[in-house]
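# Reading the structure
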Amino acid sequence: DTAVSQTPKYLVTQMGNDKSIKCEQNLGHDTMYWYKQDSKKFLKIMFSYNNKELIINETVPNRFSPKSPDKAHLNLHINSLELGDSAVYFCASSLGSEQYFGPGTRLTVT
Amino acid sequence: RKEVEQDPGPFNVPEGATVAFNCTYSNSASQSFFWYRQDCRKEPKLLMSVYSSGNEDGRFTAQLNRASQYISLLIRDSKLSDSATYLCVVLNTGNQFYFGTGTSLTVIP
């Protein structure tokens, strides 16, 4: 059984488009996260939700909007995609101090 | 200043060697510390937590020095399968995780 799943795994799109990435966890965790890993492999927190409430919102362009319909889901919508948005986006969840990551969504903006 | 700093490497070591990675963190109020492993084109996975007293898991030993704000990971008897990027991770107040840039390890036959 997949603990943290993301869809799609790969996403290729053109500049200016709007796209969404979905994340689901079946671990019963309270907290979920979105991270961006750029070409230099640096993993940076974007957002964190605890029980559907936003608790961390790092300096991210407001073209990025997370949505948590329930505790098990945290989706990421991106408007007006730019070349610099190309990266791998990881969803994660945690209960306490241990984090579990999804397989990542490799976004390529052309 | 970055929250977590690591030497990116790469470290290229022969099988059977012992290799050590170091990491420093800037926030003295940091609560918890971890090493994660990330294989190429895969997600990070928890390798081990790091406790103040130091802890060992098989060939892996983690140490924490709160006074110096320093974390280390020692791998003994390196295997080819240890080749990966090792990420130092710190959990601060507010439940926020900070990741180092990772240290790349290649174990050579």
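About the thresholds
Residues numbered from 1 in each chain as written. Chains lettered and ligands numbered in written order. Predicted model: local features only at pLDDT ≥ 70, side-chain atom pairs only at ≥ 80, totals over all residues. Heavy atoms only, no water. Pairing = 2+ DSSP bridges. Helix = DSSP H or I, 4+ residues; strand = E, 2+ residues; numbered from the N terminus. Axes fitted to C-alpha atoms, helices over the stretch in contact; angles between N-to-C directions. Contact = heavy atoms within 4.5 Å. Buried area = accessible area lost by both parts, 1.4 Å probe. Salt bridge = Lys/Arg side-chain N within 4 Å of Asp/Glu carboxyl O. Polar contact = N/O pair within 3.5 Å; in protein donor to acceptor, adjacent residues only side chain to side chain. Buried < 20%, exposed > 50% of the residue type's maximum accessible area, 1.4 Å probe, protein only. Phe/Tyr/Trp six-rings, centres within 6.5 Å; stacked < 30°, edge-to-face > 60°.

### Observations regarding the sheet that holds strand β1 (residues 4–7) of chain A
Residue and element names in this part refer to chain A. The strand order β1-β3-β8-β7 describes an open sheet built from 4 strands, whose pairing is antiparallel. Lying at the two open borders of the sheet, with one neighbouring strand each, are β1 and β7 (64–70). In this sheet, adjacent strand axes meet at a mean angle of 20 degrees when their direction is disregarded. The sheet contact formed by strand β3 (residues 19–25) and strand β8 (residues 73–78) spans 4 bridges and is antiparallel. Following the sheet pairing, I21 is matched in β8 by L76.

### Some words on the interface of chain B and chain A
Across the boundary between the two partners, chain B contributes 17 residues, which contact 21 residues of chain A. Buried surface at the junction of chain B and chain A, both sides included, amounts to about 1600 Å², of which 54% is carbon and sulfur. At the boundary of chain B and chain A, one finds 0 salt bridges. On inspection of chain B and its partner chain A, the count reaches 2 residue pairs in polar contact (both at pLDDT 80 or more).

### Considerations on the side chain of S78 of chain B
All names here are of chain B. Mapped onto the elements, S78 comes out in the loop between β8 (70–75) and β9 (84–92). Here the side chain of S78 touches A17 through a polar contact of 2.7 Å, landing on its backbone oxygen. For S78, the residues in contact, after removing those within four places along its chain, are V13, P14, E15, G16, A17, V19, R59 and V107.

### Quick look at the environment of P61 of chain A
With respect to the element layout, P61 of chain A can be found in the loop between β6 (53–57) and β7. Linking P61 of chain A and K19 of chain A, residues 42 residues apart in sequence, is a C-alpha distance of 15 Å.

### Overview of the pattern of salt bridges
Using the criterion set out here, one finds 7 salt bridges over all chains in the structure. Among the ionic pairs, R37 of chain B bridges to D39 of chain B, the shortest N-O distance being 2.8 Å. Given the relative accessible area of 30%, D39 of chain B is considered partly exposed. The network of salt bridges with shared partners includes R63, E82 and D85 of chain A.

### Concerning the packing of aromatic side chains
In this description, an aromatic ring pair is defined by two values, namely the gap between the centres and the angle between the planes. If you walk through the whole model with that rule in mind, you get 14 aromatic pairs over all chains. With 5.7 Å between their ring centres and 80 degrees between their planes, Y33 of chain A and F97 of chain B make a pair best called edge-to-face. Taken together, the positions of Y33 of chain A in strand β4 (residues 31–37) and F97 of chain B in strand β10 (residues 96–99) put the pair across two chains. Look at Y33 of chain A and you get buried, because its relative accessible area is 0%. Taken together through their ring pairs, the aromatic side chains of Y33, Y35, F90 and F101 of chain A together with F34, Y36, F97 and F99 of chain B make up a single cluster.

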